[in-house]
Amino acid sequence: MKVILWNLRKSLLELFPTNKFRLILISLSLLAASISVSELLVAKFFTEIILHEGELSTKELIFFVTFFFLFYGITRAAQFFQRIYRLRVFEKAFKASDSEINNFQENWRWSLAIELTNILATLTQLGVVILFFIYFNPLFGLVDLIVVLVVLQLIGRIFAKQIKEQRNFSNARKLKKKVSPAEKFRTRIKSGEVGILYSGVSMIVLLGLLLYLSYQGEISPANTVVLFFGLRLQNSGLSSMSTSLMRFARARTHSE
């Protein structure tokens with residue numbers, strides 16, 4: 001876990017030379033995380049409409065359904081804005097940098113910046129989802145926090161090894177030593193998939209706990225559905241983070 005945070009911080013300082021750009025980047029990451037987590041609110045809202053459909057008048061039903069689609073549309077538009085605007089931020093930040101780099105390194109800096117923003121957004125998303133779980137059920141939320149920290153620790157170990165592997169590949173290229181493309185792809189993809197496997201196992205454990213608490217009456221049916229969507233969002237975040245970290249390791253070592 002420490003190696004992940006250390007490399008993220010170092011890359012953030014290197015890629016974005018001023019506090020202005022760093023603040024903009026962090027704000028965009030928060031926006032991306034809030035958009036993802038808003039899907040839980042959409043799920044909650046949709047579930048409430050379905051469960052209370054027979055209790056709503058026609059006007060109320062039309063109002064809630066309209067609001068649902070409007071809110072969903074706004075989140076999609078905000079996500080589009082965030083992904084496009086960050087590219088402009090990257091370009092301005094790189095032009096403001098005093099670092100002397102060649103075209104090869106600059107290409108990898110773009111890849112590094114994209115993966116950096118993806119990872120920061122995912123980490124923020126995970127934090128918000130955990131708080132969301134704690135709000136609905138403190139016991140489930142605390143267990144989820146422990147499980148996520150364990151998974152991140154395991155992924156962090158894989159990431160540390162991947163940094164070493166990718167640095168070896170980078171040094172081999174500089175020394176003009178031939179390394180087969182199959183070995184490069186296999187090393188990175190296999191590492192990412194192992195992280196995804198850890199995330200999948202955690203999903204099974206937490207889903208079992210959710211079903212148990214729901215069966216015991218500790219969580220209402222509506223909230224159980226929402227928490228299930230939250231677990232899927234969390235699992236998707238951990239999985240994408242695992243693969244992003246391996247791409248981040250490749251971009252970081254090749255941009256040095």
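This one's a predicted model, so the numbers in the text were calculated from it and none came from an experiment.

Rules behind the numbers
Along each chain, residue indices are assigned from 1 in the same order as the chain's sequence is written. Only residues with pLDDT of 70 or above have their local features reported here, since the model is predicted, and side-chain atom pairs are shown and tallied only from 80 upward, although totals for entire chains, interfaces and linings are computed over all residues. No hydrogens and no water enter the side-chain calculation; it runs on all heavy atoms of the structure. Here a strand is any run of E in DSSP of at least two residues, a helix any run of H or I of at least four, and the numbering for each starts at the N terminus. Contacts were defined at the residue level, with two residues in contact if any of their heavy atoms lie within 4.5 Å. For the purpose of counting charges, residues Lys and Arg are taken to be positive, whereas Asp and Glu are taken to be negative. His and the chain ends are not included. Each charge is placed at NZ for Lys, CZ for Arg, CG for Asp and CD for Glu. What counts as a ring pair is set by centres within 6.5 Å for rings of Phe, Tyr and Trp (its six-membered ring), and what kind of pair is set by the plane angle: stacked under 30 degrees, edge-to-face over 60, tilted for all other angles. Burial status follows relative accessibility: with a 1.4 Å probe on protein chains alone, a residue under 20% of its type maximum counts as buried, one over 50% as exposed, and anything between as partly exposed. Between Lys or Arg on one side and Asp or Glu on the other, a salt bridge is scored when a side-chain nitrogen of the former is within 4 Å of a carboxyl oxygen of the latter. Angles shown run from 0 to 180 degrees and are taken between the N-to-C directions of axes, each axis being a line fitted to C-alpha atoms and, for helices, limited to the stretch in contact. Convention used here: angles under 35 degrees read as roughly parallel, angles over 145 as roughly antiparallel, angles from 65 to 115 as roughly perpendicular, and any remaining angle as oblique. Basically, the charged four are Asp, Glu, Lys and Arg, the nonpolar ten are Ala, Val, Leu, Ile, Met, Phe, Trp, Tyr, Cys and Pro, and anything else, Gly included, counts as polar. Helix span is expected to be 1.5 Å times the residue number reduced by one.

Which residues make up the overall build of the protein, and what values go with them?
In terms of helices and strands, the protein carries 7 helices and 0 strands. When the helices and strands of the protein are listed from N to C terminus, the series reads α-α-α-α-α-α-α. Restricting the contact set of the protein to residue pairs at least 6 apart, pairs at least 24 apart contribute 83%. Separation of charge centres in the protein, based on 31 positive and 17 negative side chains, amounts to 11 Å.

Which residues make up the packing of aromatic side chains, and what values go with them?
Evaluation of the coordinates by the stated rule reveals 8 aromatic pairs. Taking 5.6 Å as the distance between ring centres and 90° as the angle between the ring planes, the aromatic pair formed by Tyr-135 and Phe-136 counts as edge-to-face. An angle of 45° between the planes, with centres 6.0 Å apart, marks the rings of Phe-159 and Phe-248 as tilted. With a gap of 89 residues between them, Phe-159 in helix α5 (residues 138-174) and Phe-248 in helix α7 (residues 221-254) connect regions that are remote in the sequence. Since its relative accessible area comes to 0%, Phe-248 is described here as buried. Of the aromatic side chains, those joined through ring pairs into one cluster are Phe-16, Phe-90 and Trp-110.

Break down the environment of Gln-82 for me, citing the residues and quoting the values.
Relative to the assigned elements, Gln-82 resides in helix α3 (residues 58-96). In this view, Gln-82 contacts Leu-28, Leu-31 and Ala-32; residues no more than four positions away in its chain are not counted.

I'd like a description of the pattern of salt bridges, backed by residues and values.
Under the defined criterion, the tally for this structure stands at 3 salt bridges. Note that Glu-115 is salt-bridged to Arg-247, the shortest N-O span being 3.0 Å. Highlighted residues: Glu-115 in helix α4 (residues 103-136) and Arg-247 in helix α7, separated in sequence by 132 residues. A residue is classified by how much of its surface remains accessible, and Arg-247, at 28% relative accessible area, is partly exposed. Connected via shared salt-bridge partners are Lys-10, Glu-14 and Arg-252.

Requested: an account of the packing of helix α1 (residues 2-15) against α5, with residues and values cited.
Where α1 contacts α5, the two axes come as close as 7 Å, and the packing angle between them is 60°. In this view, α1 runs oblique relative to α5, as classed from their interaxial angle. For the pair α1 and α5, contact is made by Val-3, Ile-4 and Asn-7 and by Leu-152, Ile-155, Gly-156, Phe-159, Ala-160 and Ile-163, respectively. Considered class by class, the residues forming the contact of α1 with α5 number 7 nonpolar, 2 polar and no charged.

Lay out the environment of Trp-110 with the relevant residues and their values.
Checked against the element boundaries, Trp-110 lands in helix α4. Trp-110 sits in the partly exposed class, given a relative accessible area of 25%. The residues touching Trp-110, leaving out its near neighbours within four places in the chain, are Leu-87, Phe-90, Glu-91 and Phe-94.

An account of α5 is requested, with residue identities and associated values reported.
The terminal C-alpha atoms of α5 lie 52 Å apart, and with 37 residues this matches the ideal 54 Å at 1.5 Å per residue to within 8%. Just downstream of α5 lies Lys-176, where phi reads positive at about 60°.

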